[in-house]
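So the chains spell out like this:
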Amino acid sequence: MFFIDLKYIAPLEEIDAYMEVHLKHLNKYYDEKVFVVWGPKVPRTGGAILAFAGSREQIEKIITQDPFYKHKLAEFTVTEFLTPVYHPDLTALLDGAE
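Model, not experiment: these values are computed from the prediction. (Residues numbered from 1 in each chain as written. Predicted model: local features only at pLDDT ≥ 70, side-chain atom pairs only at ≥ 80, totals over all residues. Heavy atoms only, no water.)

Caption draft 1: Fine view of the packing of aromatic side chains. The full count for this structure, using the stated rule, is 4 aromatic pairs. Centre to centre, the rings of Y69 and F76 are 6.0 Å apart; their planes meet at 65°, and the pair counts as edge-to-face. With a relative accessible area of 41%, Y69 lands in the partly exposed category. (Phe/Tyr/Trp six-rings, centres within 6.5 Å; stacked < 30°, edge-to-face > 60°. Buried < 20%, exposed > 50% of the residue type's maximum accessible area, 1.4 Å probe, protein only.)

Caption draft 2: Just the sheet that holds strand 2 (residues 35-40), in detail. Spatial ordering of the open sheet is given by 2-3-1-4, a layout of 4 strands whose pairing is antiparallel. Unpaired on one side and paired on the other, strand 2 and strand 4 (74-80) mark the two borders of the sheet. On average, each strand axis in the sheet is inclined to that of its neighbour by 15°, with strand direction left out of account. Sheet topology note: the strand 1 (residues 2-8)/strand 4 ladder contains 7 bridges and is antiparallel. Considered in strand 4, the bridge of F2 is made with E80. With respect to the sheet, helix 2 (residues 19-31) is in contact with strand 1, strand 2 and strand 3 (46-51), its orientation differing from that of strand 2 by roughly 155°. Helix-sheet contacts for helix 3 (residues 56-64) involve strand 1, strand 2, strand 3 and strand 4, and the interaxial angle to strand 4 is about 165°. (Pairing = 2+ DSSP bridges. Helix = DSSP H or I, 4+ residues; strand = E, 2+ residues; numbered from the N terminus. Axes fitted to C-alpha atoms, helices over the stretch in contact; angles between N-to-C directions. Contact = heavy atoms within 4.5 Å.)

Caption draft 3: Structural context of the pattern of salt bridges. Under the defined criterion, the tally for this structure stands at 3 salt bridges. One salt bridge in this structure joins R44 and D16, with 2.4 Å as the shortest N-O distance. Placement of R44 in the loop between strand 2 and strand 3 and of D16 in helix 1 (residues 12-17) is noted, with a sequence separation of 28 residues between them. E60 serves as the salt-bridge partner of R56, at 3.0 Å between the closest nitrogen and oxygen. In this pair, R56 and E60 both sit in helix 3, 4 residues apart, roughly one turn of the helix. E60 gets classed as partly exposed once you look at its relative accessible area, which sits at 35%. (Salt bridge = Lys/Arg side-chain N within 4 Å of Asp/Glu carboxyl O.)

Rendered as structure tokens:
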């Protein structure tokens with residue numbers, strides 16, 4: 001599992017100009033069952049994505065397709081982590097990702 005941290009490095013006006021295409025990017029990978037959850041940080045300094053993927057390289061390739069990355073609007077940090085303990089309600093989701 002991967003945690004992707006976005007930190008905005010451009011003014012919010014520029015972020016907002018690309019928000020619609022950024023959300024299309026997120027939805028594409030949600031539909032492909034790679035992105036599980038995402039949303040903006042509070043305060044609005046960036047965003048966070050929880051993702052499943054076969055490798056870090058796959059996540060990094062997906063990031064390069066994000067409009068926020070392409071237009072240098074945000075910095076992306078990827079953290080891989082294991083899920084040996086999780087709430088039972090997540091069993092079907094996490095078992096399918098391993």
